[in-house]
Amino acid sequence: MKFVYIRSVRTRHRLSWFWANLVCVSLALSTLFHVALAEETTITSPPPPNSHFWDSLRLTKELQDRYVNVQGPITLVPSELPPQVLAGAPLLVSPGTPAPKGPLAFLGRFLTHIGLTPHAIFNQLYMTNPDIGPRPGRFSLGTGIVLGLDANLQKIMGIKGGEIHFEEILFRPTVNGGYPAGPAWAGAVGNYFAGIDQHNDIAGGWLALLTYQQKLFYNRVNFSVGRTHPRRYFFFNNCDNFLNCTDPIMQASAGILPPPYATWGSYITARMFHDISFEMGAFEANMNQYFQHGNGWRWDTRTASGYLLLGGFNYRRLQISHLYGGRYQLSGFFNSSQYKDPYTNTTHYGRAGAEFRGQQLIWRRDHRHPVPSPLPEGLNAFGALGFAADPAAPFKALAEGGFSYHGLFKRTLDREQIKFSYVRASKHQMLYQQRTRIQNGGDPRLGSQNIMRLEVSGHISIVPGIAFEPSVQYIFNPDNYYNPAAKKISSNGIVLAGQLMIDMGFLSGLSAH
């Protein structure tokens, strides 16, 4: 994971706005409560007890109870059922899979009985660039070990709808990673698309999540506050692949730490109608703790550069209650931090942008005789459109789309995807790269602003709890975002990647329940 440095200035002034917005989010609760309560009182007469509607509600509740760690309302669109890492990551275990008799099963049952749900996920990412970048033929390895615990406060303390979520992520071992990016993997491959996927972690671990979550009015209103990350709620993973659902607008142009690096934040969502919900969040913008070899446990805000505000709408249709489920999200952001134009060396405060993301089931094999299932075999279409309204932003626009097939050969958890992505780099970013090359005696030409990627990837379930995600990317007109000092403009080429994912909690019996 890579970052662009943001200087921390006018901290006290900027943070006063951040805390003010946190207060505004909290004050908005009262209004949203009345909206949700009004909707509750206007529900029409229920369908007959033997209808498909009630079967769907029962199954929905069962699955919601199973995935109590999901941040925000569960949608039961396949990409929204995560392996306890980030909302949107593919599943490692199917709903209803019998719990294995692992060595820690007795401990898992005891913890579940008292209201605690632990989880432990291991993932390891391997990448190589055979023929692309300033230094082709390099290899990199990144590791993420997720250790978490979710507390059901209704069972523990009688607080209805209250939950506490905790996650710590360990990043060792790594090979050819680290900061600065130039000498490491990111500098070897150069371009943003391939460089952002790999871990680039200085510290050995980071506090990824520590929040209090409260669900109200039958889960119509849902808010969280604590140490968290915006991508747990916004810019959801829609490509059914944990590895390559990166977002250059949200991460590079908005200028925030990528997941799973948590900072202070709050989030609230309220279901306005049956399928539409409103959401908003306020988060601390603080990349400096990373550069200072922090670990997320320093909770003061003196190194923060500003605040990040996000808001938008979600349209969701559940797979088990609709023949063709899907999810659409429209989000806007504003980051108050100071930004430096890499070409003109001028600085300014504030950067805004917006993004639309969607995923839609367009065909299912059982369409003639559908059954309530959150994971039907079928074909999904997905895509995203985004922009950043700042000439100094490294990337101005994003457009991508693709298809994902779920359940090929009756393998429920398998996913096969093809995706095409287009990113428009800013003029100032490419002029900056050109000037830096010339200063190093390199190619005087201006690189292309039109960067494209064609990717074929998959999520292959080996056994319940273990999966592998292969990926082949062909990148057109690659930039040198991570190595602007390189003397040559990179030519088109291939990046190969694979990620091993193991649900250690499930296999050991610790989180199987």
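Keep in mind that what you see is a predicted model, and the values were worked out from it rather than measured.

K.L.:
Help me understand the overall build of the protein, please; the structure alone is not making it clear to me.
P.N.:
A tally of regular secondary structure across the protein gives 10 helices and 16 strands. Taking all 513 residues of the protein together, the buried fraction comes to 58%. A fraction of 71% describes how many contacts in the protein between residues 6 or more apart in sequence connect residues 24 or more apart. For the protein, the exposed surface amounts to about 20,300 Å²; the carbon and sulfur share of it is 65%.

K.L.:
Sorry, what's going on with helix α3 (residues 105-113) here?
P.N.:
A turn of α-helix holds 3.6 residues, and therefore any two residues three or four places apart point the same way. Three or more residues of α3 are buried, namely A105, G108 and L111. Here the buried residues of α3 occupy an arc of 125 degrees about the axis, which is enough to place them on one side. Opposite its buried face, α3 presents the exposed residues F106, R109 and H113, each directed more than 90 degrees away. Packing partners of the buried residues in α3 comprise β1 (116-128) and α10 (504-508). Immediately beyond the C-terminal end of α3, within one or two residues, lies G115, with a positive phi of roughly 100 degrees.

K.L.:
Would you explain the packing of aromatic side chains in this entry?
P.N.:
For any two aromatic rings, the description comes down to two numbers: the centre-to-centre distance and the angle of the planes. This structure, assessed with the given rule, holds 21 aromatic pairs. With 5.5 Å between their ring centres and 80 degrees between their planes, Y192 and Y481 make a pair best called edge-to-face. Of this pair, Y192 sits in helix α6 (residues 192-195) while Y481 sits in the loop between β15 (466-476) and β16 (493-503), and the two are 289 residues apart along the sequence. The pair formed by Y192 and Y481 is uniform in burial state, with each residue classed as buried. An aromatic cluster is defined as three or more aromatic residues linked by ring pairs; in this entry it consists of F171, W206, Y261, Y290 and F291.

K.L.:
Which parts of the structure should I look at to understand the pattern of salt bridges?
P.N.:
One side chain can pair with another of opposite charge once the charged atoms of both are near each other. Here the structure, examined in full by the defined rule, presents 16 salt bridges. The closest approach of N and O atoms between E400 and R357, which form a salt bridge, is 3.9 Å. Of this pair, E400 sits in strand β12 (residues 395-406) while R357 sits in strand β10 (residues 347-364), and the two are 43 residues apart along the sequence. Here E400 falls in the buried class, since its relative accessible area comes to 8%. Take R357: its relative accessible area is 1%, and that puts it in the buried class. D443 is the salt-bridge partner of R445, the closest N and O atoms lying 2.7 Å from each other. Judged by relative accessible area, which is 53%, R445 ranks as exposed. Several salt bridges share partner residues, and in doing so they unite D247, E355, R357, E400, K419, R453 and E455 into one network.

K.L.:
What's the story with the pairing of strand β14 (residues 450-463) in this structure? I'm lost.
P.N.:
As a general feature of sheets, a regular strand has side chains that alternate between the two faces. Pairing analysis gives 10 bridges linking strand β13 (residues 415-425) to β14, with the strands arranged antiparallel. Note on β14: the bridge partner recorded for K419 is E455. The sheet contact formed by β14 and β15 spans nine bridges and is antiparallel. Note on β15: the bridge partner recorded for V456 is V472.

K.L.:
Even after reading the chapter, I still don't get the side chain of R351, so can you show me in this structure?
P.N.:
Relative to the elements of secondary structure, R351 occurs in strand β10. Its relative accessible area of 3% is what places R351 among the buried residues. Only 2.8 Å separates the side chain of R351 from the side chain of D390, close enough to count as a polar contact. The contact partners of R351, leaving out residues within four places of it in the chain, are A252, S253, F333, F334, N335, Y339, D390, A392, A393 and P394.

K.L.:
How should unusual backbone geometry be read in this particular structure?
P.N.:
In most cases, non-glycine residues show a negative phi, while peptide bonds are predominantly trans. Here the residue pair R172 and P173 is connected by a cis peptide bond, since its omega of 5 degrees sits within 30 degrees of zero. Mapped onto the secondary structure, P173 falls in the loop between β3 (162-170) and α5 (185-189). Unusually for a residue other than glycine, F217 sits at a positive phi of about 50 degrees. Using a relative accessible area of 28% as the deciding quantity, one classes F217 as partly exposed. The phi angle at K410 is positive, at roughly 60 degrees, despite the residue not being glycine. Within the secondary structure, K410 is located in the loop between β12 and β13.

K.L.:
Looking at this structure, I do not really get helix α9 (residues 427-439). What am I missing?
P.N.:
Here α9 spans 18 Å end to end across 13 residues, near enough to the 18 Å set by a 1.5 Å rise per residue. Close packing links the buried residues of α9 with β13. Following α9 by one or two positions, G441 has its phi on the positive side, about 75 degrees.

K.L.:
How do you make sense of the confidence of the model for the protein when you look at a structure like this?
P.N.:
Predicted coordinates in areas of low pLDDT are best not read in detail. Per-residue confidence for the protein gives a mean pLDDT of 80, with 79% of residues at or over 70. Residue range residues 1-20 is modelled with pLDDT below 50. Its contacts to residues more than four positions away, or to other chains, number 67 contacts.

K.L.:
Help me understand a nonpolar patch on the surface, please; the structure alone is not making it clear to me.
P.N.:
Together, I362, W363, F403, I418, F420, L454, V456 and Y474 make up a nonpolar patch on the protein surface, roughly 680 Å² of accessible area in all. For the nonpolar patch, the elements supplying multiple residues, two or more each, are β10, β13 and β14. Within the secondary structure, F403 sits in strand β12.

K.L.:
Sorry if this is basic, but what is going on with the nonpolar core here?
P.N.:
With 35 residues, the main nonpolar core has L310, F395 and V495 as its most contacted residues. Going through the elements one at a time, β1, α5, α6, α7 (248-253), β8 (306-317), β12, β13 and β16 are the ones with two or more residues in this core. Excluding residues that lie within four positions of it along the chain, L310 makes contacts with P230, F234, F235, M250, M280, G281, F283, G332 and F333. Counting residues in each nonpolar core, the second largest holds 17 residues, with L92, V93, I202 and W206 among its members.

K.L.:
Before we go on, may I ask you to explain the pairing of strand β11 (residues 378-388) in this structure?
P.N.:
Taken together, the 11 bridges between β10 and β11 define a ladder with antiparallel strand orientation. Residue pairing in the sheet places G353 in a bridge with A388 of β11. Across 10 bridges, the pairing between β11 and β12 is antiparallel. Paired with L385 across the bridge in β12 is A399.

Reading guide: rules and limits
- Residue numbers restart at each chain and count upward from 1, following the sequence in its written direction.
- It should be noted that, the model being predicted, local features are given only for residues of pLDDT at least 70 and side-chain atom pairs only at 80 or more, the latter also being counted only at that level, while totals for whole chains, interfaces and linings use all residues.
- Just so you know, side-chain values use all the structure's heavy atoms and leave hydrogens and water out.
- Numbered from the N terminus, helices here are DSSP runs of H or I no shorter than four residues, and strands are runs of E no shorter than two.
- Any residue under 20% of the maximum accessible area for its type is buried, any over 50% is exposed, and the rest in between are partly exposed; the area is computed with a 1.4 Å probe on protein chains only.
- Here, residues are in contact when the closest pair of their heavy atoms is within 4.5 Å.
- Using a 1.4 Å probe, the Shrake-Rupley method yields the accessible areas, and only the shown protein chains count as cover for residues.
- Each C-beta atom gives one direction from the helix axis, and the arc is the one those directions make.
- In this scheme Phe, Tyr and Trp rings, the latter by its six-membered ring, pair at centre separations within 6.5 Å, and the angle between planes marks the pair as stacked below 30 degrees, edge-to-face above 60, and tilted otherwise.
- One speaks of a salt bridge when a side-chain nitrogen belonging to Lys or Arg is within 4 Å of a carboxyl oxygen belonging to Asp or Glu.
- Between any two strands, pairing holds if DSSP finds at least two bridges.
- Here a polar contact is recorded for every N or O atom pair within 3.5 Å, except that within protein the pair must consist of a potential hydrogen donor and a potential acceptor, and residues adjacent in sequence are included only if both atoms are side-chain atoms.
- The span expected for a helix works out to 1.5 Å for each residue beyond the first.
- Note: pLDDT gives the predictor's confidence per residue, expressed from 0 to 100.
- Only residues whose relative accessible area exceeds 30% and that take part in no salt bridge are eligible for patches, with like-charged residues grouped when within 9 Å of each other and nonpolar side chains (Val, Leu, Ile, Met, Phe, Trp, Tyr) grouped when within 5 Å.
- Note on terminology: a nonpolar core comprises buried Ala, Val, Leu, Ile, Met, Phe, Trp, Tyr and Cys residues joined through side-chain atoms within 4.5 Å.

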